[in-house]
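# Structural overview
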Amino acid sequence: MRKFLIGFAYLLIITAPIQIGFLLWIMGIVITTDYTLISLTGHDFFMEYLTIFYFVYEWLYTWVWHGLLNFLFGLPVAAVVTLKLIINSCIAVWILSVTKQTERDGTSISLPDH
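Described in the following lines is the structure provided in the data block. A quick note: this is a predicted structure, and the numbers were derived from the prediction, not measured.

What follows is about helix 6 (residues 77–105). Between the first and last C-alpha of helix 6 there are 42 Å, a value that for 29 residues agrees with the 42 Å anticipated at 1.5 Å per step. Within helix 6 the residues assigned to the buried category are V77, A78, V81, L85, N88, A92, I95, T99 and T102. For helix 6, the elements touching its buried residues are helix 1 (2–14), helix 2 (16–32) and helix 3 (42–48). Immediately downstream of helix 6, the backbone of G106 shows phi near 80°, a positive value.

This is the structure:
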């Protein structure tokens, strides 16, 4: 379990530069177009800049509740990517600190019993 958690934490850390790249791409779009940080939504980003993945966007609407997707894709992309980057980094640091602490204490990481 410890090796899996450490691997997952490092995966979160390794994907941080990709998220930073997306954020820089979004900032470039905001600077060079008429979009603002608030007006560039997930729907607009998929429609205009990620057209190769638009089929995933359409497929999601066949399986997931439309109200939820309209809300999620209506959020500003810059805010979502920034929040995701912060949360992923915090989770990775927390997982690494927990696994290091359990290794130092000699305890094991296990799922709680119900």
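That covers the picture; the talk isn't over yet.
Our next topic: the packing of aromatic side chains. Using the criterion set out here, one finds 12 aromatic pairs in the structure. Summarising the aromatic geometry, the rings of Y61 and F73 are spaced 6.4 Å apart at their centres and angled 25° between planes, so their arrangement reads as stacked. Of the two residues, Y61 sits in helix 4 (residues 54–63) while F73 sits in helix 5 (residues 66–73), which places them 12 residues apart along the sequence. Exposure remark for F73: the relative accessible area of 14% places this residue in the buried category. Through a chain of ring-to-ring contacts, three or more aromatic side chains come together here, namely F46, Y54, Y57, Y61 and F73.

The next subject is the packing of helix 1 against helix 6. Orientation of helix 1 relative to helix 6, taken along the N-to-C sense of each, is 150°, at an axis distance of 8 Å. Classified by the interaxial angle, the pair formed by helix 1 and helix 6 is roughly antiparallel. Taken as a pair, helix 1 and helix 6 cross one another with a handedness that is left-handed. Two secondary-structure elements touch here, helix 1 through R2, L5, I6, F8, A9, Y10, L12 and I13 and helix 6 through N88, I91, A92, I95, L96, T99, T102 and E103. A breakdown of the residues in the contact of helix 1 with helix 6 according to their chemical character gives 11 nonpolar, 3 polar and 2 charged.

Before going further, it helps to examine the nonpolar core. Ranked by internal contacts, the top residues of the largest apolar core, which has 16 residues, are I26, L40, F45 and F73. At 4 residues, helix 2 tops the list of elements feeding residues into this core. When sequence neighbours within four positions are dropped, the list of residues in contact with L40 reads I26, I29, V30, Y35, F45, L75, P76 and V77. Judged by nonpolar contacts, the second largest core, of 5 residues, contains L5, A9, L12 and I95.

Criteria and cut-off values
Residues numbered from 1 in each chain as written. Predicted model: local features only at pLDDT ≥ 70, side-chain atom pairs only at ≥ 80, totals over all residues. Heavy atoms only, no water. Helix = DSSP H or I, 4+ residues; strand = E, 2+ residues; numbered from the N terminus. Expected span 1.5 Å × (residues − 1). Buried < 20%, exposed > 50% of the residue type's maximum accessible area, 1.4 Å probe, protein only. Contact = heavy atoms within 4.5 Å. Phe/Tyr/Trp six-rings, centres within 6.5 Å; stacked < 30°, edge-to-face > 60°. Axes fitted to C-alpha atoms, helices over the stretch in contact; angles between N-to-C directions. Parallel < 35°, antiparallel > 145°, perpendicular 65-115°, else oblique. Left-handed = near helix turned anticlockwise from the far one by under 90°. Nonpolar A, V, L, I, M, F, W, Y, C, P; charged D, E, K, R; others polar. Core = buried A, V, L, I, M, F, W, Y, C linked by side-chain atoms within 4.5 Å.

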